[in-house]
Amino acid sequence: MEHIAQISIRGGRWCLYVALMGVPGSQWPEHYFGRTARVPTVADRSRALTKLGFVFTDGAEWEWTEDNETTGDDTSPVVLLASIKVRARNGGQL
């Protein structure tokens, strides 16, 4: 079963989480990286996903998008968000 992993910055720290359909967001697996201005590398993200029990699906690539912090206000700060398809490391469902 495929899931979507996303990374975004929250409170000055990058947070990687896996969106699980049918599960409240408060229970999604997540990993916070230390405070840093740099975006965690692909290797950093891969290690974090592995610790959460997930791996990238074959051929998956990170897709970056940007949005405004305040919807519809193009003067508000930009929010960066990246997504990638993942699966449970053991191949089964969680």
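The coordinates are above.
Residues numbered from 1 in each chain as written. Predicted model: local features only at pLDDT ≥ 70, side-chain atom pairs only at ≥ 80, totals over all residues. Heavy atoms only, no water.

Trainee: Explain the pattern of salt bridges to me, using residue names and the numbers behind them.
Mentor: Where charged atoms from two side chains of opposite charge approach closely, those side chains can pair. As enumerated under the stated definition, the model contains 2 salt bridges in all. In this structure, Arg38 engages Asp44 in a salt bridge whose closest nitrogen and oxygen atoms are separated by 3.2 Å. Among the residues examined, Arg38 registers a relative accessible area of 45% and is labelled partly exposed. The salt bridge partner of Arg47 is Asp44, with a shortest N-O separation of 2.7 Å. With Arg47 and Asp44 both in helix H1 (residues 42-52) and 3 residues apart, this pair spans about one turn of that helix. By sharing partners, the salt bridges in this structure join Arg38, Asp44 and Arg47 into a single network. (Salt bridge = Lys/Arg side-chain N within 4 Å of Asp/Glu carboxyl O. Buried < 20%, exposed > 50% of the residue type's maximum accessible area, 1.4 Å probe, protein only. Helix = DSSP H or I, 4+ residues; strand = E, 2+ residues; numbered from the N terminus.)

Trainee: Can you tell me about the side chain of Ser8, naming the residues and giving the values?
Mentor: You can see Ser8 is positioned in strand S1 (residues 2-10). Leaving out residues up to four positions away in the same chain, Ser8 has contacts with Arg13, Trp14, Cys15, Tyr17, Leu80 and Leu81. (Contact = heavy atoms within 4.5 Å.)

Trainee: Break down the pairing of S1 for me, with residues and values.
Mentor: Examined bridge by bridge, S1 and strand S6 (residues 78-88) share 7 bridges and lie antiparallel to one another. In the strand pairing of S6, Ile7 is matched with Ala82. Both S1 and strand S2 (residues 13-19) contribute to a ladder of 7 bridges, which runs antiparallel. Within S2, the position partnered with Ile4 by the bridge is Ala19. (Pairing = 2+ DSSP bridges.)

Trainee: For the packing of aromatic side chains, give the residues involved together with the corresponding values.
Mentor: If you walk through the whole model with that rule in mind, you get 3 aromatic pairs. Plain terms: the ring middles of Tyr17 and Trp28 are 6.1 Å apart, the flat faces sit at 15 degrees to each other, and that makes the pair stacked. Linking Tyr17 in strand S2 with Trp28 in the loop between S2 and strand S3 (30-32), this pair joins segments that are 11 residues apart in sequence. Taking the relative accessible area as the measure of exposure, Tyr17 reaches 9% and is therefore buried. By relative accessible area, Trp28 is classed as partly exposed at 26%. Ring centres 6.0 Å apart and planes at 85 degrees place the aromatic pair Phe56 and Trp62 in the edge-to-face group. (Phe/Tyr/Trp six-rings, centres within 6.5 Å; stacked < 30°, edge-to-face > 60°.)

None of the figures reported here should be taken as evidence of function without further support.
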